[in-house]
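Results of the structural survey
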Amino acid sequence: MKNILVVGGAGYIGSHTVKMLAEKGYNPVVYDNLSKGHKEAVEGFAFEEGDLGDKARLADVFKKHQIEAVMHFAAFIEVGESVKEPSKYYHNNVAKVLNLLDAMKDAGVKYFVFSSTAATFGEPVKNKIDETHPQLPINPYGNTKLMVEKMLEDFDRAYGLKAVALRYFNASGADDSGHIGESHSPETHLIPLVLQAAAGKRPSIKIFGNDYPTPDGTCIRDYVHVNDLARAHILALEKMEKENQSLRYNLGSGSGYSVAELIKEAKAVTGIDFKVETEGRRAGDPAVLVADPAKAERELGWKPQYGLRKIIETAWNWEKNRRF
Ligand code: UDP
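Residues numbered from 1 in each chain as written. Predicted model: local features only at pLDDT ≥ 70, side-chain atom pairs only at ≥ 80, totals over all residues. Heavy atoms only, no water.

**So, the site of the ligand**
Lining the immediate environment of the ligand, one finds 15 residues, of which Leu 190, Lys 206, Arg 221, Arg 282 and Asp 285 sit closest. Within the backbone of Phe 208, one N or O atom sits 2.9 Å away from an oxygen atom of the ligand. Within the side chain of Arg 221, a nitrogen or oxygen atom sits 2.8 Å from an oxygen atom of the ligand. In the complex, 87% of the free accessible area of the ligand, which totals 520 Å², lies under the protein chains. (Near = heavy atom within 4 Å. Polar contact = N/O pair within 3.5 Å; in protein donor to acceptor, adjacent residues only side chain to side chain. Areas by Shrake-Rupley, 256 points an atom, 1.4 Å probe, with all protein chains shown as cover.)

Put into structure tokens, the structure is as follows:
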């Protein structure tokens, strides 16, 4: 299986996966409507501009490139926005994915890798979240991703469409080349915002809440490098195809860092003592979100290769030299 359609391939995690697919001998074909993605992120790769809602276009692209599997990254990802504009989220993250799955079914494309999220679990009921943790999302974003996971189970039972759902924790870092990296507009994620404060592009970084039940009062998250995520996609695709079965994995490092610890590390990496302020809590933030990645390690042989220091170093390299 070589020809892979990467939907949302011009986005952050998609573009890193496209690069790695090519390095491993696959033929990635990027399908993106460029509403959020960056054409510069996929220079040199096969590119088809198109929307997920466009079934005829998808059918053409499947045929033209003899697509054998689809990786799907084209989603809206902001929790706060999903609360304010759920309709937008259900349309893009659910209805359009249904359209894509129907197009796959019609074209006889049988393998799907889906970007899911830790947000499908909701409030943690144990320290580290494994695949048996209850899935009770607390916001529309998490609901949309869980709905697709359910759709995938039904499509497997009825039509034999095999799918991997990968629940990312905090995707972060940038490719070592410095050629591609994270670029959201507006940016809401902690690491790019911290590094933009270090670079003098923002006056300060604001910590959202220092009264959480954690050792230093700030939220703890599990940061996982985007290239480690990309590698997990390829390992999971290969296992799914080999065994012809649907799979689910939680992808994180298994280690949590607080917002304050991350800022300290960023000051050490950059050598810049940027300004830090404290604000009230951001709605919808659980105190601690850490993955138990044991299943991915056991079944895929996947172990993150980048720790927090390397994540910040690669993100800093990108921030200083960003092209988009
Ligand atoms: N955060 C923060 N200041 C910011 C942005 C984020 O303190 O300007 C915190 C946020 O409350 C959360 C953590 O950083 O505890 C990671 O947030 P991010 O938005 O990067 O990812 P999320 O965990 O929401 O997926």
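**Describing the sheet that holds strand 6 (residues 162–168)**
A sheet is described by the order of its strands in space; here seven strands give the open sequence 3-2-1-4-5-6-11, paired in parallel fashion. The two strands at the open ends of the sheet, each matched to only one other strand, are strand 3 (46–49) and strand 11 (247–251). Pairs of neighbouring strands in the sheet enclose a mean axial angle of 20 degrees, with direction left out of account. Where strand 5 (residues 111–117) lies against strand 6, seven bridges are found, and the strand directions are parallel. Looking at the pairing, Thr 117 lines up with Tyr 168 of strand 6. With respect to the sheet, helix 4 (residues 86–107) is in contact with strand 1 (3–7), strand 4 (69–72) and strand 5, its orientation differing from that of strand 5 by roughly 165 degrees. (Pairing = 2+ DSSP bridges. Helix = DSSP H or I, 4+ residues; strand = E, 2+ residues; numbered from the N terminus. Axes fitted to C-alpha atoms, helices over the stretch in contact; angles between N-to-C directions. Contact = heavy atoms within 4.5 Å.)

**A look at the sheet that holds strand 14 (residues 288–289)**
Strand order in this open sheet of three strands is 12-9-14, and the pairing throughout is mixed. Every other strand in the sheet has two partners, leaving strand 12 (257–258) and strand 14 as the edge strands with one partner each. As defined by bridge partners, strand 9 (residues 220–221) adjoins strand 12 across two bridges and the pair is classed as antiparallel. Residue Ile 220 lies in a different strand from strand 12, and its bridge partner there is Ser 258.

Any link to function would need more than the numbers given here.
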